[in-house]
Amino acid sequence: MNKKLLTLAVAAALTAPSMASAEAIMYGKLNVSLDYIEINDIVRTLVNTDGTLAVDEDGVPIQVSQNFNGWDVAQSSNFLRSQFAPGAGPSNRFGIKGSEDLGNGLKAVYQIEVGVNFDTNNNLTNNNDTFYWRNTFAGLAGDWGTVLIGRHDTPLKISTAKLDLFADTLGDMNATVGFMDLRADSTVAYISPSWSGFQLALATVPAGGATAIGQQNINSDEINGAYSMAAIFKNGPFYATAAYEVLGNEMFMNSGESQFGQSSCVPTDGVTTVCDYVGDDWTQWRVGLGLLDWNGFSLTGIYAQQDNTPAGQTFIQSAPDVDLATSGFFLPGGSEEVEQWTIQAGYSFGNNMIKAMYGAASYSGNELYGRDFPSYVVSYADDLYNSSRTAWAIGFDHNFSKRTTAYMLYTAVTDDQGDLPIVEGISGDDLPNPTRNDWSGFSIGLMHSF
């Protein structure tokens, strides 16, 4: 899902205390690493010269396996990272933030933050690298809390940010376990003051016809086209949070699809056109617990569940051979429900920290539409939509100072979809390709904050 989707000016729950100065403060973070990524057993299905699938004597597609590996300077979009392995890793940024005293206990707060991608084109002769907007907002603050308008991480994302000991590295929980964190535009958010360690964050996103797929939908016109909320409790080393987020169904369609309705989307003869209608809101809830730096020891846990994913509500046209009249069928675009969890632990001694992570995700909930399903299609669909993944990582950090840290880590992901074939050569009439793979990586890097 596009991270520009939901816009939330919410992270002030964590950043507002640093905005007390009336002067503008320039800040930033440089995080660079050298990664070795290996993607295991990419399964490809062979295609005949006439565009049909190559099959054996039993009519089963012929498949071959390939491995990919190579060095990658993080923040580049080279073939390995952009095509097969997650792009998560070092995140570089710089920004300006500050406040103005307006009198009577009221102040204006603001922040402008820009992200920097290094080597986005992976081209030694092209210096066309990328700048992009990160959390950028303006608002008002007082004893009653803070109201912000602009682009920011959602309350749900903010709620568990402190619990990921591998954040902004190759072992980031979004890259490995697959958690869904969002940053959104045009958001209105409220962040409460701290009440004995308890804090509340609320945000809503007026859709204004905009969609997560980069198109327009005139029916996406609600002030709460998407909304997010989180409750956070902090007391010494103890940290607990619960969050809930909803992305409205209208944000995943254009105007035409929204108006056609569900009735035009259920295939009846196996050869109906592609249907991208999304009928239900995409919801996610998440809870997290942490014991942070208690006598050098840290232990965190996160659990999340997603329901009614947009991909699980749409259909794609598919066929195991060129005879659509007898073998045509429809498959949903993805799994409908996702369940995810991770446990992480770390121990600090002197200027060093050792840490480890283990997590898992399970995908479920969908059905086939059509007729005359070959047995391998039924098996393929079951593996595609009712699959799972596991991930683990180990790491070592050395803090040269409070602002400069060197690190190294190893992470590995095993995914059921990594065993499924990538079907090539038959545009629009092939089995859906898996979107996840087995992969592993070693990373060595340096972070500096200023």
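What you see is a predicted model, and the numbers here were worked out from it, not measured in a lab. (Residues numbered from 1 in each chain as written. Predicted model: local features only at pLDDT ≥ 70, side-chain atom pairs only at ≥ 80, totals over all residues. Heavy atoms only, no water.)

Participant: Which residues make up the overall build of the protein, and what are the values?
Facilitator: The helix and strand inventory of the protein stands at seven helices and 22 strands. Expressed as a percentage of its 450 residues, the buried residues of the protein come to 49%. Of the roughly 20200 Å² of accessible surface on the protein, a fraction of 56% belongs to carbon and sulfur atoms. (Helix = DSSP H or I, 4+ residues; strand = E, 2+ residues; numbered from the N terminus. Buried < 20%, exposed > 50% of the residue type's maximum accessible area, 1.4 Å probe, protein only. Areas by Shrake-Rupley, 256 points an atom, 1.4 Å probe, with all protein chains shown as cover.)

Participant: With reference to specific residues and values, describe the side chain of threonine 314.
Facilitator: In this fold, threonine 314 is placed in the loop between strand S13 (297-307) and strand S14 (315-318). When its relative accessible area of 13% is taken as the criterion, threonine 314 is described as buried. A polar atom in the side chain of threonine 314 sits 3.3 Å from the backbone oxygen of alanine 311. (Polar contact = N/O pair within 3.5 Å; in protein donor to acceptor, adjacent residues only side chain to side chain.)

Participant: Outline the pattern of salt bridges, listing residues and values.
Facilitator: Under the counting rule described, the total for this entry stands at nine salt bridges. In this structure, a network of salt bridges that share partners links the residues Lys29, Arg93 and Asp168. (Salt bridge = Lys/Arg side-chain N within 4 Å of Asp/Glu carboxyl O.)

Participant: Outline the confidence of the model for the protein, supporting the account with residue identities and numerical values.
Facilitator: Confidence in the prediction for the protein averages 80 pLDDT; 70% of positions are at 70 or higher. Low pLDDT, under 50, characterises residues 1-21; the predicted model gives this stretch 100 contacts beyond four residues in sequence or across chains. Contacts for the low-pLDDT stretch residues 319-328, under 50 throughout, to residues beyond four places or in other chains number 22 contacts. (pLDDT = per-residue confidence, 0-100. Contact = heavy atoms within 4.5 Å.)

Participant: I'd like a rundown of the packing of aromatic side chains, residues and numbers included.
Facilitator: The full count for this structure, using the stated rule, is six aromatic pairs. Arranged with centres 5.8 Å apart and planes meeting at 55°, the rings of phenylalanine 252 and tryptophan 282 form a pair that is tilted. Of this pair, phenylalanine 252 sits in the loop between strand S11 (238-247) and helix H5 (255-260) while tryptophan 282 sits in strand S12 (residues 282-294), and the two are 30 residues apart along the sequence. Aromatic side chains tryptophan 392 and tyrosine 410 sit 5.5 Å apart centroid to centroid with 50° between the ring planes, which places their arrangement in the tilted category. Here tryptophan 392 is found in strand S19 (residues 388-399), whereas its partner tyrosine 410 is found in strand S20 (residues 404-415), with 18 residues between them in sequence. Residue tryptophan 392 is classed as partly exposed on the basis of its relative accessible area of 36%. For tyrosine 410, a relative accessible area of 31% puts it in the partly exposed group. Its guanidinium or amino end placed over the ring of tyrosine 27, lysine 97 lies 4.8 Å from that ring's centre, counting from NZ or CZ. Taking NZ or CZ as reference, lysine 355 lies 4.7 Å from the ring centre of phenylalanine 166, over its face. (Phe/Tyr/Trp six-rings, centres within 6.5 Å; stacked < 30°, edge-to-face > 60°. Lys NZ or Arg CZ within 6 Å of the ring centre and 35° of its normal.)

Participant: Can you lay out the nonpolar core for me, pointing to particular residues and giving the numbers?
Facilitator: Within the largest apolar cluster, 25 residues are counted, with the highest numbers of intra-cluster contacts made by Phe166, Val177, Phe179 and Trp439. Contributing elements (two or more residues each) for this core: strand S1 (25-45), S13, strand S17 (352-364), S19, S20 and strand S22 (438-449). Ranked by residues supplied to this core, first place goes to S17 with four residues. Every residue in contact with phenylalanine 166, bar those within four places of it in the chain, is listed here: Gly171, Asp172, Gln344, Lys355, Ala356, Met357, Ala393, Ile394, Gly395 and Leu409. Core analysis: the second largest hydrophobic core is formed by twelve residues, Met180, Leu182, Tyr277 and Val278 among them. (Core = buried A, V, L, I, M, F, W, Y, C linked by side-chain atoms within 4.5 Å.)

Participant: I'd like a rundown of a negative patch on the surface, residues and numbers included.
Facilitator: A surface patch of negative charge is lined by Asp221, Glu222, Asp280 and Asp281. Taking the relative accessible area as the measure of exposure, aspartate 280 reaches 41% and is therefore partly exposed. (Patch = residues over 30% accessible without salt bridge, like charges linked within 9 Å, V, L, I, M, F, W, Y side chains within 5 Å. Lys, Arg positive; Asp, Glu negative; His and termini not counted. Charge placed at Lys NZ, Arg CZ, Asp CG, Glu CD.)

Participant: Break down the pairing of strand S8 (residues 183-191) for me, with residues and values.
Facilitator: Here strand S7 (residues 145-153) runs beside S8; their pairing, made up of seven bridges, is antiparallel. Bridge pairing links aspartate 153 to arginine 183 in S8. The hairpin turn running from S8 into strand S9 (residues 198-205), its antiparallel successor, is six residues long, and serine 196 in that turn takes a positive phi close to 55°. (Pairing = 2+ DSSP bridges.)

Participant: For unusual backbone geometry, give the residues involved together with the corresponding values.
Facilitator: Phi is positive for serine 186, close to 55°, though the residue is something other than glycine. Here serine 186 lies in strand S8. Overall, serine 186 belongs to the partly exposed group, its relative accessible area being 49%. Phi angles above zero are rare outside glycine, and asparagine 295 is one such case at about 55°. With respect to the element layout, asparagine 295 can be found in the loop between S12 and S13. By relative accessible area, asparagine 295 is classed as exposed at 67%.

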